[in-house]
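Understanding the architecture of this molecule
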Amino acid sequence: MEIPAALAFVDLETTGTNPLTDRITEIGMVLMDGEQEESWSSLVNPGVEISPFIEQLTGISNAMVATAPTFAELADPLFARLQGRLFIAHNARFDYGFLKQEFARSGLRFQADTLCTVKLSRQLFPEHQKHNLDALMQRHGLTAPCRHRALADASLIHQFWQTLQAEPGPAAIAAAMKNQISQTRLPPHLEARAVEALPEAAGVYSFFGTDDQALHVGRAKNLRKQVFSHFTSPRNLRMHQEIRRLDWQECPGDIGARLLEDRLVKTLQPLHNRPRKSSSVLLTWRLDDLGEGRLKPCLVEAHAQDFTLDTPCYGLFKSPREALEILRALATEQGLCDTLLGLEQTAPGKPCCGITAKRCKGACIGRETPAQHSMRLIGALIRHKLQPWPYNGPALLREGDEAHLVDAWRYLGSIRDTSDLPSLLNTSRPAFDQDIYRLLVRQLGRFEPLKHPRAWADASVPR
């Protein structure tokens, strides 16, 4: 891969090590544009106290930052300086993570390819054990007026980079960088701006080709990383040439991403996804009570069932043939009666074919009561029992700042504001879907029953 011309050597001083709770106290950068170099640094008012330990380590005191600009005041010009540059830092995940978090607090989405000089040193000089900045200073003759100040440490990283240009040289650097930065070639018909805003967040993405034909739908914990992986893999060469448009949607977590991905795959039928058929003809066994302890399996459409505790269902089948094969297998295995199961019609008191074949225990001719037979039937079916829907109406499954609305295992939609509840509750309930059921049943303990669903549907509950 080629080494970019626009580089940013960055170092930060902070109040601690956690970008979610700690803050930046100083920023130092050396910027390169080909042969041109520029140094920039600024103290930052973190808005929180600097501990004595950090003050002793960095030499930055609360008094020094009291009149310094806040990060929010520096955010726009700093963002402009870093745009389009390879972000180079020692332990780059630390510095990049802090900057990304601070930019996010200022309403800016910062993204950059990063290069960690700790990893780079390990790759280029594997014979050495230590690769911290002090070790690099000693090993490569680097100098700094004061350690643990942002610009001084950024200059050390820049000096290390300059040293590498002579030995082992640009070719070795580029080869080592390949392990950290994937060389990305965008699809020839996809504009670069289409991927610039991709977030490093969970979500679902879709590729479209000529005539807006869906090519591929996928989910990712990191949308940016996953989408770019398609552009670097030789396995995706054919689709790479076909892509004309990219669409994506952030999700607060994996459940929402799975639900959205499943819906889009079934709706769009992308050419390069494994086909997923909407479960439009699913069947299930329901046990109907005929009285006197006799239960008879009745094959019904899963779409028509509410899966209540009072009416359990057993198995999901794509055809009557598949469902009957399972029931016949259970009859043979457990010695159940074909007549009582409805698999055969005989006159009352007459033996079923299972008696002749010596596989029926005789419920049809009075050797066991209907109640005894029903108990054995329930025991045989138990392995196929579907999880009943335990609520008297819809329930919410919360994930981050989003809530997924579900009723009788049907996914109704997701909301971020309760004002959207009435519209979801008033839409027609979708068909039962086997894939959605399997996903949601694993989250059963996390559901919250929706109180007063009828009132919500009428939009009359105060928010």
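Anyway, here's the lowdown on the structure attached to this text. (Residues numbered from 1 in each chain as written. Predicted model: local features only at pLDDT ≥ 70, side-chain atom pairs only at ≥ 80, totals over all residues. Heavy atoms only, no water.)

Quick look at the overall build of the chain now. If you tally the helices and strands in the chain, you get 19 helices and 15 strands. The C-alpha radius of gyration of the chain comes to 32 Å, more than 25% above the 23 Å expected for a compact globule of 463 residues. Overall, the chain is about 105 × 55 × 50 Å in size when its C-alpha atoms are taken along their principal axes. Across the 463 residues of the chain, 45% fall into the buried class. Intrachain contacts of the chain at a sequence separation of at least 6 include 64% that bridge at least 24 residues. For the chain, the exposed surface amounts to about 24,100 Å²; the carbon and sulfur share of it is 49%. Treating the 54 positive side-chain charges of the chain as one cloud and the 53 negative ones as another, the clouds have centres 10 Å apart. (Helix = DSSP H or I, 4+ residues; strand = E, 2+ residues; numbered from the N terminus. Rg over C-alpha atoms; globule rule 2.2 N^0.38 Å. Buried < 20%, exposed > 50% of the residue type's maximum accessible area, 1.4 Å probe, protein only. Contact = heavy atoms within 4.5 Å. Areas by Shrake-Rupley, 256 points an atom, 1.4 Å probe, with all protein chains shown as cover. Lys, Arg positive; Asp, Glu negative; His and termini not counted. Charge placed at Lys NZ, Arg CZ, Asp CG, Glu CD.)

A few words now on a positive patch on the surface. Residues R93, K119, R122 and K225 make up a contiguous surface patch of positive charge. Summarising the element assignment, R122 is placed in helix α5 (residues 117-124). (Patch = residues over 30% accessible without salt bridge, like charges linked within 9 Å, V, L, I, M, F, W, Y side chains within 5 Å. Salt bridge = Lys/Arg side-chain N within 4 Å of Asp/Glu carboxyl O.)

Moving on to helix α8 (residues 170-177). Along α8, the residues classified as buried are I173, A174, A176 and M177. Along the axis of α8, the buried positions cluster into a sector of 165 degrees, meaning they face one direction only. Where α8 is buried, its residues meet β4 (86-89), β5 (114-116), α5 and α7 (150-166). (Arc of directions from axis to C-beta.)

Regions of empty space are outlined by a rolling probe, equal in size to a water molecule, passed over the atoms. Approximately 1,600 Å³ is the volume found for the largest pocket. Taken together, 43 residues form the lining of the largest pocket, with A112, D113, T114, E200 and R224 sitting closest to its centre. At the level of elements, α4 (92-105), β5, α5, α9 (193-196) and α10 (223-232) are the ones that each hand at least two residues to the lining of the largest pocket. Within the lining of the largest pocket, the residues separate by chemical class into 18 nonpolar, 13 polar and 12 charged. (1 Å grid on protein atoms, 1.4 Å probe; cavity = no way out; pocket = protein on both sides within 12 Å on 5 of 7 lines; lining within 4 Å. Points joined across faces, edges and corners; volume = space filled by probe spheres on them. Nonpolar A, V, L, I, M, F, W, Y, C, P; charged D, E, K, R; others polar.)

Take the packing of α5 against α8 next. Pairs of packed helices are described in terms of their axes, by the angle between the two and the distance that separates them. Here α5 crosses α8 at 115 degrees, and the two axes come no closer than 10 Å. Seen from above, α5 lies across α8 with right-handed handedness. Residue-level contacts link L120, Q123 and L124 of α5 to A172, I173, A176 and M177 of α8. Here the contact of α5 with α8 is composed, by residue class, of 6 nonpolar, 1 polar and no charged. (Axes fitted to C-alpha atoms, helices over the stretch in contact; angles between N-to-C directions. Left-handed = near helix turned anticlockwise from the far one by under 90°.)

Attention shifts here to unusual backbone geometry. Omega for the bond connecting E167 with P168 falls within 30 degrees of zero, at 15 degrees, which places this linkage in the cis form. Inspection of the secondary structure puts P168 in the loop between α7 and α8. For D212, which is not glycine, the phi torsion reads 60 degrees and is therefore positive. Along the chain, D212 turns up in the loop between β6 (203-208) and β7 (214-220).

You can see Q443 is positioned in the loop between α18 (434-441) and β15 (447-449). In this structure, Q443 is in contact with I255 and L397, ignoring residues within four places of it in sequence.

Pairs can form between side chains of opposite charge whenever their charged atoms are close. The final tally for this structure, using the stated rule, is 24 salt bridges. With a closest N to O distance of 3.4 Å, R238 and E242 form a salt bridge. Highlighted residues: R238 and E242, both in helix α11 (residues 237-242), separated by 4 residues, approximately one helical turn. Exposure remark for R238: the relative accessible area of 61% places this residue in the exposed category. In this structure, E402 and R416 form a salt bridge, with 3.6 Å as the shortest nitrogen-oxygen distance. Of this pair, E402 sits in strand β13 (residues 402-407) while R416 sits in the loop between β14 (410-415) and α17 (421-425), and the two are 14 residues apart along the sequence. On the basis of relative accessibility, which here comes to 12%, the residue E402 falls in the buried class. Residue classification places R416 among the partly exposed positions, given a relative accessible area of 47%.

For α18, the full list of buried residues reads Q434, I436, Y437, L439 and L440. Buried-residue contacts for α18 involve α12 (254-268), β11 (313-317), β12 (395-399), β13, β14 and β15. Residue D433 occupies the N-cap position of α18, its side-chain oxygen lying 2.9 Å from the main-chain nitrogen of D435. (Polar contact = N/O pair within 3.5 Å; in protein donor to acceptor, adjacent residues only side chain to side chain.)

Let us look at the pairing of strand β3 (residues 36-43). Pairing of strand β2 (residues 24-33) with β3, which is carried by 8 bridges, proceeds in the antiparallel orientation. Counted as the bridge partner of V30 is S39 from β3. Two successive antiparallel strands, β2 and β3, enclose a turn made up of 2 residues, where G34 displays a positive phi of approximately 65 degrees. (Pairing = 2+ DSSP bridges.)

So, on to the sheet that holds β15. If you walk across this open sheet you meet the 4 strands as β14-β13-β12-β15, and the pairing is antiparallel. The sheet terminates laterally at β14 and β15, the two strands that pair on one side only. Direction aside, neighbouring strands of the sheet carry axes that sit 30 degrees apart on average. Looking at chain direction, β13 and β14 are connected through 5 bridges and run antiparallel. Bridge assignment links D407 to a residue of β14, and that residue is R410. Along the sheet, α12 makes contact with β12, β13 and β14, crossing β12 at roughly 115 degrees.

These figures come from the coordinates and say nothing about function on their own.
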